[in-house]
Structure formats: structure tokens, C-alpha cells
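Structural characterization, general
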Amino acid sequence: MAGKHVTREYLSFGPELRRRRLEADLTLTRMASLVHYSKAHLSKVERGLKEPSQDLARLCDAELCAHGELASLAADRRKAAHGCPDLRSCGLSRAEETTGEDPARDRLATRRQVLAAGILTIPGVGIITRTDSERTDNTIIVDSFRSIFDHYRQLGQISDPELLIHPLIAQNALLQELLKAASLKSRNKMLILSSRYAEYIGWLFQESGDDAGALRWTSQAADLAGAGGDPEFASYGLVRHALVTMYQGDAARTTSLSQRARALGPPPRIAGLAALREAQGYALAGDHTASMRAVDRAGALLGRVGISGDEPVIGSSNLSDPAEVVRGWCLHDLGRPAEAAEVLGAQLLRIPRSATRTRARFGIRRALACAAAGEVEQACACVSGLLDGEGIPGSATIAKDLRTLSRVLARHPKSPPVRDLAPRLAAALHAAS
């Protein structure tokens with residue numbers, strides 16, 4: 001029958017959903033009200049006439065206490081298509097092979113690019129010859145580049161990530177040129193700072209939707225840190241890789257990469273961030289107990305760490321309690337949207353107003369949780385509040401949640417708040433994408 005074709009891998013979900021629903025003594029009407037989908041839609045899913053979304057599968061899994069078994073039957077097919085590249089296979093030769101572009105664009109900067117980045121106008125810093133640099137206090141260079149880096153991280157909260165990539169690549173290239181003439185005492189500090197530049201550039205590539213570029217730069221960051229006497233930073237490369245696979249919906253790889261990072265025995269902050277990625281991997285797999293345990297472990301680790309001003313902060317510096325924010329994130333992925341909305345709502349109040357990108361990321365996630373919990377008006381109010389403020393910056397990862405939110409709200413076409421929000425939401429999605 002035209003339009004009724006369902007792939008083989010989905011055939012087992014509908015009957016299993018029906019079996020568990022009947023076993024729980026729930027009518028189709030009651031089940032539909034619990035997961036906030038229409039009875040007609042749920043009926044078609046049970047009969048194999050519609051493919052279940054991953055969100056529906058997780059909601060049903062949570063309501064029927066299936067512990068991830070039901071959700072696993074509807075695992076998103078797209079993650080296989082994404083094919084997340086391996087961290088160490090994302091070298092420059094791979095980039096050249098897969099994109100057909102000159103990989104040097106990711107690591108070198110011409111003098112014109114350096115000039116465009118504004119480096120030459122910074123007091124105490126310029127295109128310095130080896131002779132000049134020997135008479136220059138390397139501390140001034142490190143402090144200047146650190147100040148530039150901090151400013152760019154602030155810009156990253158409000159700017160399109162693609163606008164920042166090339167200026168930062170140019171600055172990092174110049175920093176590495178200055179390394180050649182640096183004293184041995186300053187060399188390690190400059191290498192560590194260069195590694196933080198590379199890691200941030202990788203994050204910008206991910207925000208631009210280029211996962212392979214993100215992993216190439218993360219790999220380079222780990223190499224630079226190791227050369228600067230910080231081999232433990234390599235474990236953070238695995239944490240960043242886990243973030244990429246998490247956004248791709250790959251539960252197994254997210255958990256595995258996080259566990260590998262923790263096994264390397266990193267310092268508490270990196271170990272805590274690894275535990276958060278592990279929690280998100282377990283949440284994608286529907287394992288509530290393991291996910292919440294990992295969040296608690298992360299909270300204990302991160303609670304032991306103070307923020308030092310000596311080096312750039314690893315990970316977000318805008319979350320006062322990263323573990324609780326991720327708890328809310330995980331609760332949504334575990335099919336517990338009402339709990340997620342409550343946790344995220346409380347944590348959003350603690351995010352600085354200046355952190356526009358961070359507020360948008362978790363604000364949209366809260367709106368998504370509200371919508372999934374049936375609180376449609378509250379979800380629309382969350383998004384309106386973001387749009388009335390600083391807006392939603394360009395971001396491939398935020399756009400993913402916006403697309404999901406748009407689909408969820410589309411199930412309520414008669415809702416006045418949904419109709420009023422629709423054109424603004426469409427514009428926000430276009431901008432974020």
C-alpha cells in the first residue's frame with residue numbers, strides 16, 4: 001500500500017509496545033494521554049503503519065518501565081548514516097581525502113589572515129622575528145594571547161561560530177610561530193595555551209555542523225597539550241569525542257568513550273566531565289539508574305574543583321552546577337520530561353544573562369521538555385522569552401533541539417500559543433541552522 005511502507009527494523013516495536021501496554025492494563029486512550037500523543041498516532045505505531053520517533057519510544061519506555069528495552073527497538077537509524085569518525089583517524093590526510101580541500105586551511109594562516117584577525121594591532125604582540133622575540137618578555141605574549149582567547153570565548157556566546165573559526169586559526173598559527181623563538185621556560189605555557197585554542201576551535205567546528213573538523217582539532221589539542229607537559233589533557237579529547245557521539249544519538253560509543261577517558265585517571269574536573277558524558281550515554285540507552293549514578297559521581301568530582309585563573313577553563317565556565325544541568329538533560333532523554341523541565345528551569349535561573357548561547361541551549365532543552373510533558377503553553381513561553389531577549393545564536397547542536405521542538409509543537413496546531421509562535425520559531429530555526 002502506497003505510503004504505508006515500514007522498514008523491517010521497526011516491525012517489532014509496535015507489537016512489543018502493545019504487549020507491554022496491555023500487560024500494564026492501560027487502554028490506548030490512557031497510554032496516549034500519558035505520552036501526549038494522539039490515540040490515532042499511537043494506534044498506527046502499534047499496528048506498524050507509522051515509524052515511532054525516538055522521543056515517542058523513550059516516553060513509552062519510561063511509562064511502561066521497560067528500562068531501555070523498548071526504546072532500543074526504535075533506535076534512530078540515522079546514527080549509522082552519520083558514521084562518527086574515530087578521534088585518531090581524523091588527521092589531515094583523512095580530511096584531504098574526504099573533503100577534497102586543502103587540509104592546511106585548518107592549521108595554517110597567511111599573513112593576510114593574521115592581519116584580518118587583528119593580531120598586529122595588539123600592544124606587545126606582532127609578527128616578531130626570532131631576533132626580536134629574544135628581547136621580548138614571553139610573559140607579555142602569553143598574557144596577551146590569553147586575553148584574546150578569553151574575549152573570543154565571550155564572543156562565542158553571541159556570534160555565529162563560523163565567523164570566529166578563521167580568526168582563531170590565524171591567532172593560533174601565530175602563537176605557534178612565536179613558540180619557535182620562545183624560551184624553554186615559556187614554551188610549555190605557550191603550548192598549553194595553543195592546545196586550548198585548538199580545543200575551542202574544535203568546539204566551533206562542531207557548532208558549525210562539522211564533526212570531522214571538530215575531532216581533528218580536538219586531536220591536535222591533545223597533541224599540543226602533551227608536548228607542553230600536560231598529557232592528561234588527552235583524556236579530555238575522549239570526552240569531547242563523546243559529546244559528538246552523544247549529539248549523534250550513539251549511546252554505546254558515548255558511554256564507551258567516557259569510560260575510556262575516566263580509565264586514564266585524569267584530574268577531577270576532566271573525570272567529572274567524563275562522568276557527565278557517561279550519564280548522557282546511559283540516558284540515551286534508557287538506563288535511568290546508571291545515568292543518575294553517573295551524574296551523582298560527576299557532581300562529587302566537580303564539587304572538589306575550584307576554577308583557577310592560570311589557564312582557560314576546560315569545558316563550560318557558565319554553568320554553576322554542570323551536574324544538575326546534565327541531570328535535567330538526561331531526564332528528558334530518559335522519557336521523564338516533567339522532571340527534566342523542573343530541574344532545567346531551576347538551573348536556567350543561575351546562568352548569566354551574558355551567556356546567550358548557553359542560555360539558548362538549555363532554554364530550548366527546557367522548552368522541549370515542557371512540550372513533551374504536555375505543557376505546551378509553558379514551552380511556547382520559554383521560547384518566546386529567549387527570542388525576546390538576546391535571541392538564539394547560530395548552532396548546529398541547538399538547531400537539532402529546535403527541529404525536534406518544532407515537530408512536537410506541530411502536534412498541537414489548534415493551540416493559539418503554538419500558532420503565534422510558529423513564524424518566530426521557523427525564523428529562529430533558520431538562523432540557528
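Residues numbered from 1 in each chain as written. Predicted model: local features only at pLDDT ≥ 70, side-chain atom pairs only at ≥ 80, totals over all residues. Heavy atoms only, no water.

**Focus: the overall build of the chain**
- Looking only at helices and strands, one finds 23 helices and zero strands in the chain.
- Buried positions account for 54% of the 433 residues belonging to the chain.
- Within the chain, contacts between residues separated by at least 24 positions form 70% of all contacts whose residues are at least 6 apart in sequence.
- Surface summary for the chain: the accessible area is close to 19,800 Å², and the carbon and sulfur share equals 51%. (Helix = DSSP H or I, 4+ residues; strand = E, 2+ residues; numbered from the N terminus. Buried < 20%, exposed > 50% of the residue type's maximum accessible area, 1.4 Å probe, protein only. Contact = heavy atoms within 4.5 Å. Areas by Shrake-Rupley, 256 points an atom, 1.4 Å probe, with all protein chains shown as cover.)

**Things to note about the pattern of salt bridges**
- All told, the structure shown has 20 salt bridges when counted by the stated rule.
- We note a salt bridge from Arg146 to Asp150, for which the minimum N-O separation is 3.0 Å. One end of the pair is Arg146 and the other is Asp150, both in helix H10 (residues 138-155) and four residues apart, which spans about a single turn.
- Here Asp230 and Arg196 are joined by a salt bridge, their closest N and O atoms 3.3 Å apart. On the criterion of sequence distance, the pair formed by Asp230 in the loop between helix H13 (211-227) and helix H14 (233-247) and Arg196 in helix H12 (residues 184-207) is long-range, its members being 34 residues apart. (Salt bridge = Lys/Arg side-chain N within 4 Å of Asp/Glu carboxyl O.)

**Regarding helix H18 (residues 322-333)**
- Helix length check: H18, at twelve residues, gives a terminal C-alpha distance of 17 Å against a target of 16 Å (1.5 Å per residue), a fit within 8%.
- With eleven of twelve residues buried, H18 is to be regarded as a mostly interior element.
- Every buried residue of H18 is listed here: Pro322, Ala323, Val325, Val326, Arg327, Gly328, Trp329, Cys330, Leu331, His332 and Asp333.
- Just past H18, the residue Gly335 takes up positive phi, approximately 80 degrees. (Expected span 1.5 Å × (residues − 1).)

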